[in-house]
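Results of the structural survey
What follows is each chain in one-letter form.
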Amino acid sequence: MALKMHASLAVHVGDWIRTEILEPYNIKVNTVAEHFGISRQSISALLNGRSNLSADMAIRFEKAFGVRADTLMRMQSAFELAQARAHEANLNVQHFNLVAPSRTEQRTI
C-alpha cells in the first residue's frame, strides 16, 4: 500500500528556496537572476509559485547553493502530485480490467 502525503505538506519548491536559502542570507531576486544569467521575472515567478522548477534551474541552484538538484526536483514533483491529487475526484477514468494473455506452450530445445 502506498502512503499518501497530505496536500498541505507539499510545499512549492520556489517557496522553500525563498524561505530557506535566500531570505536567511538576505539574497535578493535581482542578485540571483544576475548570478544565474536569467531574467528577474523568471526567478520571481519560481519563488512565488507561479512557475515550476525546471531541471536546468534545479542544477543552477545546486551549483550556486549546494542543495542537490535531485532533491529540488523531488520537491517539485511531490508538490505537483499533491495538487493533482486534490482534484483527482474530477477525473472520470475507469480502471482497466486487464486479463493476462494465456501463455503459449514452451518449446523445448
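Just above sits the structure.
Our subject in this report is the structure included herewith. (Residues numbered from 1 in each chain as written. Predicted model: local features only at pLDDT ≥ 70, side-chain atom pairs only at ≥ 80, totals over all residues. Heavy atoms only, no water.)

Counted under the stated rule, the structure contains two aromatic pairs. Centre to centre, the rings of Phe36 and Phe61 are 4.9 Å apart; their planes meet at 85°, and the pair counts as edge-to-face. Taken together, the positions of Phe36 in helix α2 (residues 29–36) and Phe61 in helix α4 (residues 55–65) put the pair 25 residues apart, joining distant regions of the chain. Each member of the pair, Phe36 as well as Phe61, carries the same accessibility label: buried. Their ring planes at 25° and their centres at 6.0 Å tell us that Phe61 and Phe65 sit as a pair that is stacked. In this pair, Phe61 and Phe65 both sit in helix α4, four residues apart, roughly one turn of the helix. Note on Phe61: relative accessible area 0%, which makes it buried. Residue class for Phe65 comes out partly exposed when judged on its relative accessible area of 32%. Grouped by ring-pair contacts, the aromatic residues Phe36, Phe61 and Phe65 constitute a single cluster. (Phe/Tyr/Trp six-rings, centres within 6.5 Å; stacked < 30°, edge-to-face > 60°. Helix = DSSP H or I, 4+ residues; strand = E, 2+ residues; numbered from the N terminus. Buried < 20%, exposed > 50% of the residue type's maximum accessible area, 1.4 Å probe, protein only.)

What follows covers the packing of α2 against helix α3 (residues 40–47). Relative to each other, α2 and α3 sit at 120°, their axes nearing to 8 Å. What the angle tells us is that α2 and α3 run oblique. The two elements α2 and α3 meet at a crossing, and its hand is right-handed. Every residue of α3 that contacts α2 at Val29, Asn30, Val32, Ala33 and Phe36 is listed here: Arg40, Ile43, Ser44 and Leu47. In terms of residue class, the contact of α2 with α3 is built from six nonpolar, two polar and one charged. (Axes fitted to C-alpha atoms, helices over the stretch in contact; angles between N-to-C directions. Parallel < 35°, antiparallel > 145°, perpendicular 65-115°, else oblique. Left-handed = near helix turned anticlockwise from the far one by under 90°. Contact = heavy atoms within 4.5 Å. Nonpolar A, V, L, I, M, F, W, Y, C, P; charged D, E, K, R; others polar.)

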